[in-house]
Amino acid sequence: MGGSLAGLLAAYVLAEHADRVTVVERDRFQDGAGHRSGVPQARHPHVLLEGGQLALESLLPGFLAELRAARAPRVGMPSDMVQWQDGRWFRRLPTMSHIFTGSRAQLEELVRRRVLAHPVIDVVEGTDVVGFLGDASRLRGVLLRDRSGASRGKERALEADLVVDASGRGTKARQWLEAIGAEAAHEETIDTGLAYSSRVYRGKGGVLDGDTRGYYVYPSPAQTHAGGALPLEDGTHLVIVSGLRDDEPPTDDEQFVAYVKKRLPHPLLHRWMDEAEPVSSAFGYRRTANIRRRYDLPGRRPAGFLATGDALCTFNPVYGQGMAVAAMSAVALRDALADPRRTPTTRRVQEALLEASQQAWDISAGADRFMPGAVGTAAAAGPADRAANWYLQRVMERYLADPLVGSAFRAVLDLCAPVTSLFAPSVVRAVLFGPLTPTPTEPPTTPEEPAV
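Residues numbered from 1 in each chain as written. Predicted model: local features only at pLDDT ≥ 70, side-chain atom pairs only at ≥ 80, totals over all residues. Heavy atoms only, no water.

Colleague: Explain the overall build of the chain to me, using residue names and the numbers behind them.
Modeller: Along its length, the chain carries 13 helices and 20 strands. Rg of the C-alpha trace for the chain: 22 Å, near the compact-globule value of 22 Å for 452 residues, within the 12% margin. Look at the contacts in the chain between residues 6 or more apart in sequence, and 74% of them connect residues 24 or more apart. Carbon and sulfur atoms make up 51% of the accessible area of the chain, which amounts to about 19800 Å² in all. Distance between charge centroids for the chain: 2 Å, based on 52 positive and 54 negative side chains. (Helix = DSSP H or I, 4+ residues; strand = E, 2+ residues; numbered from the N terminus. Rg over C-alpha atoms; globule rule 2.2 N^0.38 Å. Contact = heavy atoms within 4.5 Å. Areas by Shrake-Rupley, 256 points an atom, 1.4 Å probe, with all protein chains shown as cover. Lys, Arg positive; Asp, Glu negative; His and termini not counted. Charge placed at Lys NZ, Arg CZ, Asp CG, Glu CD.)

Colleague: So what's going on with the packing of helix 12 (residues 403–413) against helix 13 (residues 425–433)? Which residues, and what values?
Modeller: At a minimum axis distance of 9 Å, the contact between helix 12 and helix 13 shows a crossing angle of 120°. As judged from the angle between their axes, helix 12 and helix 13 are oblique. In the crossing of helix 12 with helix 13, the sense of the turn from one axis to the other is left-handed. From helix 12, L404, V405 and A408 reach across to helix 13, where they touch S426, V427, A430 and V431. For the contact of helix 12 with helix 13, the per-class residue count stands at six nonpolar, one polar and no charged. (Axes fitted to C-alpha atoms, helices over the stretch in contact; angles between N-to-C directions. Parallel < 35°, antiparallel > 145°, perpendicular 65-115°, else oblique. Left-handed = near helix turned anticlockwise from the far one by under 90°. Nonpolar A, V, L, I, M, F, W, Y, C, P; charged D, E, K, R; others polar.)

Colleague: Explain the pattern of salt bridges residue by residue, including any values.
Modeller: Overall, the coordinates contain 25 salt bridges when judged by the stated rule. Where E66 meets R114, a salt bridge forms, and the shortest distance between an N and an O atom there is 2.7 Å. With E66 in helix 3 (residues 63–69) and R114 in helix 4 (residues 104–116), this residue pair connects regions lying 48 residues apart in the sequence. Note that E108 is salt-bridged to R112, the shortest N-O span being 3.8 Å. Taken as a pair, E108 and R112 lie in helix 4 at a separation of four residues, close to a single helical turn. Taken individually, E108 and R112 each receive the classification buried, so the pair is uniform in this respect. Through salt bridges that share partners, R26, D27, D128 and R147 make up one connected network. (Salt bridge = Lys/Arg side-chain N within 4 Å of Asp/Glu carboxyl O. Buried < 20%, exposed > 50% of the residue type's maximum accessible area, 1.4 Å probe, protein only.)

Colleague: Hey, could you go over the sheet that holds strand 11 (residues 186–190) for me, with residue numbers and the actual values?
Modeller: Spatial strand order, 11-18-20: three strands in an open sheet with antiparallel pairing. Edge positions in the open sheet fall to strand 11 and strand 20 (313–314), since each of these has one partner strand only. Bridge count between strand 18 (residues 290–294) and strand 20: two bridges; the pairing is antiparallel. Within strand 20, the position partnered with I291 by the bridge is T314. Strand contacts of helix 10 (residues 358–368): strand 11, strand 18 and strand 20, with the helix running at about 135° to strand 18, the strand carrying the most contacts. (Pairing = 2+ DSSP bridges.)

Colleague: Describe the packing of aromatic side chains, listing the residues and the values that go with them.
Modeller: Applying the stated rule across the entire model yields ten aromatic pairs. Between F132 and F305, the aromatic rings sit 5.4 Å apart at their centres with planes inclined by 55°, giving tilted as the arrangement. With F132 in strand 7 (residues 127–134) and F305 in strand 19 (residues 305–307), this pair connects stretches of sequence that are 173 residues apart. Of the two residues, F132 and F305, both sit in the buried class. Ring geometry for Y399 and F409: centres 4.7 Å apart, planes at 80°, overall edge-to-face. Of this pair, Y399 sits in helix 11 (residues 383–399) while F409 is found in helix 12, placing the two residues ten residues apart along the sequence. Looking at F409, the relative accessible area reads 7%, which means it is buried. Cluster of aromatic residues (ring-pair linked, three or more members): F90, Y216, Y218, Y399 and F409. Here R43 stacks its cationic end above the ring of F283, 4.4 Å away from the centre of that ring. (Phe/Tyr/Trp six-rings, centres within 6.5 Å; stacked < 30°, edge-to-face > 60°. Lys NZ or Arg CZ within 6 Å of the ring centre and 35° of its normal.)

Colleague: Explain the pairing of strand 15 (residues 237–243) to me, and be specific about the residues and the numbers.
Modeller: The side chains of a regular strand alternate, residue by residue, between the two faces of the sheet. With respect to burial, strand 15 is a largely interior element, seven of its seven residues being buried. Burial of strand 15 is two-sided: the residues H237, V239, V241 and G243 facing one way and the residues L238, I240 and S242 facing the other way are all buried. Of the strand pairs in this sheet, strand 12 (residues 195–202) and strand 15 are connected by seven bridges, and their pairing is antiparallel. The residue of strand 15 that forms the bridge with Y196 is S242. In the sheet, strand 14 (residues 226–231) pairs with strand 15 via six bridges, with the strands oriented antiparallel. Among the inter-strand pairings, P231 is bridged to a residue of strand 15, identified as H237. The turn joining strand 14 and strand 15, which pair antiparallel and follow one another in sequence, is formed by five residues; a positive phi near 90° is taken by G235.

Encoded structure:
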């Protein structure tokens, strides 16, 4: 259920274990990379973290070469970016990792081309899933309804031995499970009320400033507005600005510019926008709560049903984790099905999928708990959360300028290293006893040269 990144990659994994895999997608796929109405956030910035890159390359060998051949921008962190957080500029230290910042539509189209070429995989487009077939003990398929054409509105059954919900943040699995006598998953939520708006600009020569690929101002409890500009594959830059509940950025074009000028703590981005050419209108997005559905907990749920991607765990998009976790979840699905030591029951595989999203949840939900106005069933911070936050605040104070702490923390944020790596002895010494390394007093215009 769902033909975006999580659904496509899950289908590709399952094709090695099934006679037929059907991807049901409510939209109709366009030729080439185009925005789909079913992915409203596709018009906004997306990044592919290194953890996601490794997962995609593992699933689709050669994919990263295809991505680079399609001119997806590969941005070195922190060397290629001018970044600001809590009143301090990042040092532009030599590259520690890379992110891809091309459009969501481009990446999804490249994945779709590879996946749908598999002879076992079929796709049903322009069709809604409207319910489950089966009972509380086992799912036996889904009920479909055509969205267009001569059969518009007609319902038909699609039988299946396994149903995978990859329908995204708006999943209706809760209602459909309850309709067949099963229990829905308990939902953990944390919502800061974050909202953002984005607009495409073309700078002079397709660049920002010389060796700079992007700008970014990060949010924090003390600085709740964020924004920046990230490069796209066609030489333009996607400008984003965000604010919290009751101070959402506008989608009116003139007001968008005024909001950037007024709300961001430094005029750097606005000055560039003032000289650049806007090539799109502003678009807004408001559904940014962290939501985790605990299908791993005890309950009366059917065999033959799995949830993955945003239908299982969705994160505040400001952390840029969604595409990486979709790919990492597909790797977890592959490994769980191939494990010779354990029978891949529904419960065990679902636990593996949740585990694949655990670190991203800890980062996103852990940070959002301390944002002003955060609400939700998991928003309260306990003693362990406060202790972890105290240590992480010291990490964040140092990773802007300290190469050792910066490299360790960036690997965690990129989902390449476990959180425990922040407690390696050398990192702990730097965090607890090391001095704060000075940071630039003005936006650094060039990357630093590697140390000899």
